[in-house]
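The lines below spell out each chain.
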2 protein chains.
Amino acid sequence: MMPRVFRKESLSIGASLIITGEDGHHFARVLRVRCGEEVAVATPGGTYLAVVQQVFGEEASVTVQIISSLPSHEPQQQVFLLQGLPKGDKLELIIQKCTAVGVAEVLLLKTKRSVVQLDAKKATAKIRRWERIALEAASQAQRDSVPAIHYFDAVGDLERFMASFGKVRVLLLDEAEQVQGIRSAVQGIQSEAENGPIVVAVGPEGGWDDDERIWWHNVMGARSVSLGPRILRTETAGVVAVTAVLYEFGELGG
Amino acid sequence: MMPRVFRKESLSIGASLIITGEDGHHFARVLRVRCGEEVAVATPGGTYLAVVQQVFGEEASVTVQIISSLPSHEPQQQVFLLQGLPKGDKLELIIQKCTAVGVAEVLLLKTKRSVVQLDAKKATAKIRRWERIALEAASQAQRDSVPAIHYFDAVGDLERFMASFGKVRVLLLDEAEQVQGIRSAVQGIQSEAENGPIVVAVGPEGGWDDDERIWWHNVMGARSVSLGPRILRTETAGVVAVTAVLYEFGELGG
């Protein structure tokens, strides 16, 4: 697997780049790349094939030259995961798997039935850890970008955040009776003229509270959907639903 | 969630049933069910709603009476997971997630690139543990049956086993270039007149060996398929592929 580095700046073919810091350490000391070896450099403007020119083992840095463009591995249809904060370390698995499958952003929400308490200080440290997991999963999956991780401790903040994306279509995973199957809901979205992110919203272990359900429907225009008769745990539902949506859009090996 | 017990015998409405052993312990001592409480009894002939009649705490047993039939939660299209034996405890997660999603059977194969060595004695203990995980996941997901776990240390044994199912259609997950997307392969299968299980075959960490690939194609008539441009780890690929196939067949919330 070609080593991969994510950069925030724009780059162009022929440019040289110095890789330092954690990435430099990883390339020079852990992977021990060699001169002439190919690496991938993912940037907001596209992903490039680059070749290692120099390796500085002591400084833990590497210089590479951008050679050519690589095809995009990103889905065209953006799918966000909105996950009600679950217990324990379940989020690590959720973020890892959803990133590999192709989620665009991960939005974490403290819900009424979330047991975990995240104060500001703890949240910052946790989010850094989750960002690291997303980065590693994105690199392993050979993605062109790393999903951002956002934490909201109130629905009002989430609402303001969502407003910046224009028209979002929310699929609210809900075990209540009489909800629509996810497939017909996604096909309904496909038939609309609008585009914009699709948000898959998964509750915590105890599911959604009635007030939350009403908020999702009335404020966010959410459609309640079901993944069928088999009951999935919160840590399984997100990756299965994201897979279903990306599959329907032909983003998963059409 | 309604407590659930899996039984191998046929039952009919009105019948009484004594639940002993591990299940009796679980019901009487762990869940502490009470007289009048509803439980689900899953049998090969269907799943029933039953009501607890007596609880014997000391003997760790419970008697229930079958009241009525419950609707099936099983997919009509059977999907088997064939997993090349992976490292460490990854299989636990694979079996848990695939069972929840709805896999019918789990076939484990020692492949050329499988690092783990399972001798006969170790295999028996491991399989028992995996069966337990499948049982718990099936119960949690409210399934009507528990996927069987089969272990094969050679492709010949696997071939003989598969022959008992008649026409099986194998989707070989393969990262080699120029393979078909899983979606068009599944749609191709749907358009055929035959029915029978679909097998999703996932290699171990190192992927399939060339000889194995040839065996899959020539002996098993496998179609090589891709899950798209993002590379999934072996422990993620199976659940994503099983999800995709069940989704396409409308078995996942159509």
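Before reading on, note that the structure itself is shown above.
Nothing here was measured: the structure is a model prediction, and the numbers come from that model.

**Here's the deal with the overall build of chain A**
Then step 1. The number of helices and strands found in chain A is 7 helices and 12 strands.
Then step 2. Expressed as lengths along the three principal axes of its C-alpha atoms, the size of chain A is roughly 60 × 40 × 35 Å.
Then step 3. Of the accessible surface of chain A, which amounts to about 11300 Å², a share of 48% is contributed by carbon and sulfur atoms.
Then step 4. Of the side-chain charges in chain A, 27 are positive and 31 negative, and the distance between the mean point of each set is 3 Å.

**Focus: the relation of the copies chain B and chain A**
Then step 1. Overlaying chain B on chain A yields an RMSD of 0.0 Å, the required transformation being a rotation through 180° with an accompanying axial translation of 0.0 Å. Both chain copies can therefore be described as sitting about a two-fold axis.
Then step 2. The overlap is high: 100% of the interface residues of chain B also sit at the interface in chain A, so the same surface is used on both sides.

**As for the environment of B:Pro75**
Then step 1. Residue placement: B:Pro75 occurs in the loop between strand 5 (61-70) and strand 6 (79-84).
Then step 2. The spacing of B:Pro75 and B:Glu251 is 176 residues in sequence and 5.6 Å in space, taken between C-alpha atoms.
Then step 3. When neighbours within four sequence positions are excluded, B:Pro75 is seen to be in contact with A:Arg230, B:Gly102, B:Leu246 and B:Glu251.

**Describing the nonpolar core**
Then step 1. Core analysis: the biggest nonpolar cluster contains 86 residues, and A:Ile182 and B:Ile182 have the highest contact counts within it.
Then step 2. Each residue touching B:Ile182, except ones within four places of it in the same chain, is listed here: A:Tyr247, A:Leu252, A:Gly253, B:Leu171, B:Val225, B:Ser226, B:Leu227, B:Ala241, B:Ala244 and B:Val245.

**Structural notes on the sheet that holds strand 11 (residues 198-202) of chain A**
Residues and elements named next belong to chain A.
Then step 1. Strand order in the open sheet formed by 7 strands is 8-7-6-11-9-12-10, with parallel pairing between adjacent strands. At either margin of the open sheet sits one strand with a lone partner, and together these are strand 8 (148-152) and strand 10 (180-181).
Then step 2. Sheet analysis places strand 7 (residues 105-109) next to strand 8, joined by 5 bridges and oriented parallel. Of the residues in strand 8, the one forming a bridge with Glu-105 is Ala-148.
Then step 3. Across the face of the sheet, helix 3 (residues 120-140) comes into contact with strand 7 and strand 8 while running at roughly 155° to strand 8.
Then step 4. Of the strands in this sheet, strand 6 (79-84), strand 9 (169-173) and strand 11 touch helix 7 (residues 234-248), which is tilted by about 160° from strand 11.

**A word on the sheet that holds strand 5 of chain B**
Residues and elements named next belong to chain B.
Then step 1. Taken together, 5 strands build an open sheet; the order of strands is 1-3-4-5-2 and the sheet is mixed. A single partner strand is all that each edge strand has here, and the edge strands are strand 1 (4-6) and strand 2 (16-19). Each strand of the sheet is rotated relative to its neighbour by a mean of 35°, with strand direction disregarded.
Then step 2. Of the strand pairs in this sheet, strand 3 (residues 38-43) and strand 4 (residues 46-56) are connected by 6 bridges, and their pairing is antiparallel. For Thr-43, the partnering residue across the bridge sits in strand 4 and is Gly-46.

**Quick notes on the pattern of salt bridges**
When the charged atoms of two side chains with opposite charge come close together, those side chains can pair.
Residue and element names in this part refer to chain A.
Then step 1. Per the stated rule, a full pass over the model turns up 34 salt bridges over all chains.
Then step 2. Measuring nitrogen to oxygen at the nearest pair gives 3.1 Å for the salt bridge that ties Asp-211 to Lys-112. One end of the pair, Asp-211, is in helix 6 (residues 210-218); the other, Lys-112, is in the loop between strand 7 and helix 3, with 99 residues separating them in the sequence.
Then step 3. Looking at Lys-112, the relative accessible area reads 54%, which means it is exposed.
Then step 4. Where salt bridges share partners, they join Lys-90, Glu-205, Arg-233 and Glu-235 into one cluster.

**A few points about the interface of chain B and chain A**
Many structure descriptions define interface size as the accessible area lost when the parts assemble.
Then step 1. Opposite the 40 residues of chain B that make contact, chain A presents 40 residues.
Then step 2. Of all residues in chain B, B:Arg183, B:Arg230 and B:Tyr247 bury the most surface against chain A, accounting for 25% of the area lost on that side.
Then step 3. Summed over the shared surface of chain B and chain A, the result is 2 salt bridges.
Then step 4. A salt bridge links B:Arg183 to A:Glu248; the shortest N-O distance between them is 3.6 Å.
Then step 5. Linking chain B with chain A are 21 residue pairs in polar contact (both at pLDDT 80 or more).
Then step 6. At the level of secondary structure, the elements contributing two or more residues to the side of chain B that touches chain A comprise helix 2 (90-101), helix 5 (182-190) and helix 7 (234-248) of chain B.
Then step 7. Top contributing element to the side of chain B that touches chain A by residue count: helix 7 of chain B, with 8 residues.
Then step 8. Broken down by class, the residue content of the side of chain B that touches chain A amounts to 17 nonpolar, 14 polar and 9 charged.

**Side note on the packing of aromatic side chains**
Then step 1. Going through the model one piece at a time under the given rule, you end up with 11 aromatic pairs over all chains.
Then step 2. Aromatic pair A:Phe80 and A:Phe165: ring centres 4.9 Å apart, planes at 80°, arrangement edge-to-face. Placement of the pair is A:Phe80 in strand 6 and A:Phe165 in the loop between helix 4 (155-163) and strand 9, with a sequence separation of 85 residues.
Then step 3. The rings of A:Phe80, A:Phe152, A:Phe161 and A:Phe165 are connected pair by pair, giving a single aromatic cluster.
Then step 4. In this structure, A:Arg183 packs its charged tip against the face of B:Tyr247, placed 5.4 Å from the ring centre.

**Here we look at the side chain of B:His73**
Then step 1. If you trace the backbone, B:His73 turns up in the loop between strand 5 and strand 6.
Then step 2. Of note is the side chain of B:His73, whose polar atom sits 2.5 Å from the backbone oxygen of B:Gln142.
Then step 3. If we ignore the near neighbours within four places in the chain, the residues touching B:His73 are A:Pro229, A:Arg230, B:Arg4, B:Gln142, B:Arg143 and B:Asp144.

**Examining the packing of helix 2 of chain B against helix 3 (residues 120-140) of chain B**
Residue and element names in this part refer to chain B.
Then step 1. Direction vectors running N to C along helix 2 and helix 3 enclose 30°, while the axes themselves pass 8 Å from each other. Viewed along their axes, helix 2 and helix 3 adopt a mutual orientation that is roughly parallel. As for how helix 2 packs across helix 3, the hand of that crossing is right-handed. Along its contact with helix 2, which presents Leu-91, Glu-92, Ile-95, Gln-96 and Thr-99, the element helix 3 presents Arg-129, Trp-130, Ile-133, Ala-134, Ala-137 and Ala-138.
Then step 2. When its residues are assigned to classes, the contact of helix 2 with helix 3 shows 7 nonpolar, 2 polar and 2 charged.

Each value, and the rule that gives it
All residue numbers refer to positions counted from 1 along the written sequence of the respective chain. Chain letters start at A and ligand numbers start at 1, both assigned in the order the entries are written. At least 70 in pLDDT is required for a residue's local features to be given in this predicted model, at least 80 for side-chain atom pairs to be given and counted, and no such filter applies to totals for whole chains, interfaces and linings, which use all residues. Only hydrogens and water are set aside when side-chain values are computed; all heavy atoms of the structure are taken into account. Only DSSP runs of H or I reaching four residues or more are called helices, and only runs of E reaching two or more are called strands; each is numbered from the N terminus. To be clear on the numbers: accessible area is Shrake-Rupley with a 1.4 Å probe, and residue cover counts the displayed protein chains and nothing else. Charged-residue counts in this description rest on Lys and Arg as positive and Asp and Glu as negative, His and the chain ends being excluded. Where a charge sits is defined by one atom per residue type, namely NZ (Lys), CZ (Arg), CG (Asp) or CD (Glu). What sets the superposition is a least-squares fit of C-alpha atoms, and only residues with pLDDT of at least 70 in both copies go into it. The contact criterion used throughout is that any non-hydrogen atoms of two residues lie within 4.5 Å. The definition of a nonpolar core used throughout is a set of buried Ala, Val, Leu, Ile, Met, Phe, Trp, Tyr and Cys residues joined through side-chain atoms within 4.5 Å. Only protein chains enter the accessibility calculation, which uses a 1.4 Å probe; a residue is then buried when its area is under 20% of its type maximum, exposed when over 50%, and partly exposed in between. Paired strands, as defined in this entry, are two strands with at least two bridges between them according to DSSP. Under this scheme, a helix contributes an axis fitted over its contacting stretch, all axes are lines through C-alpha atoms, and angles between N-to-C directions fall in the 0 to 180 degree range. Just to be clear on terms, a salt bridge is a Lys or Arg side-chain nitrogen sitting within 4 Å of an Asp or Glu carboxyl oxygen. Reported buried area values correspond to the accessible surface (1.4 Å probe) lost by two parts on association, with both partners' losses combined. Polar contacts, as counted here, are pairs of nitrogen or oxygen atoms within 3.5 Å of one another; within protein the pair requires one atom able to donate a hydrogen and one able to accept it, and residues that are adjacent in sequence qualify only if both atoms are side-chain atoms. Asp, Glu, Lys and Arg are counted as charged, while Ala, Val, Leu, Ile, Met, Phe, Trp, Tyr, Cys and Pro are counted as nonpolar; the rest, among them Gly, fall into the polar class. Aromatic rings from Phe, Tyr and Trp, taking only the six-membered ring of Trp, are treated as a pair when their centres fall within 6.5 Å; an angle between ring planes under 30 degrees marks them as stacked, one over 60 as edge-to-face, and anything in between as tilted. Ring-over charges, as used throughout, are those where CZ of Arg or NZ of Lys falls within 6 Å of the ring centre and within 35 degrees of the ring normal. Geometric relationships in this document are graded by angle, where less than 35 degrees denotes roughly parallel, more than 145 denotes roughly antiparallel, 65 to 115 denotes roughly perpendicular, and other angles denote oblique. Should the near helix be turned counterclockwise from the far one by less than a right angle, the crossing is left-handed, whereas a clockwise turn marks it as right-handed.

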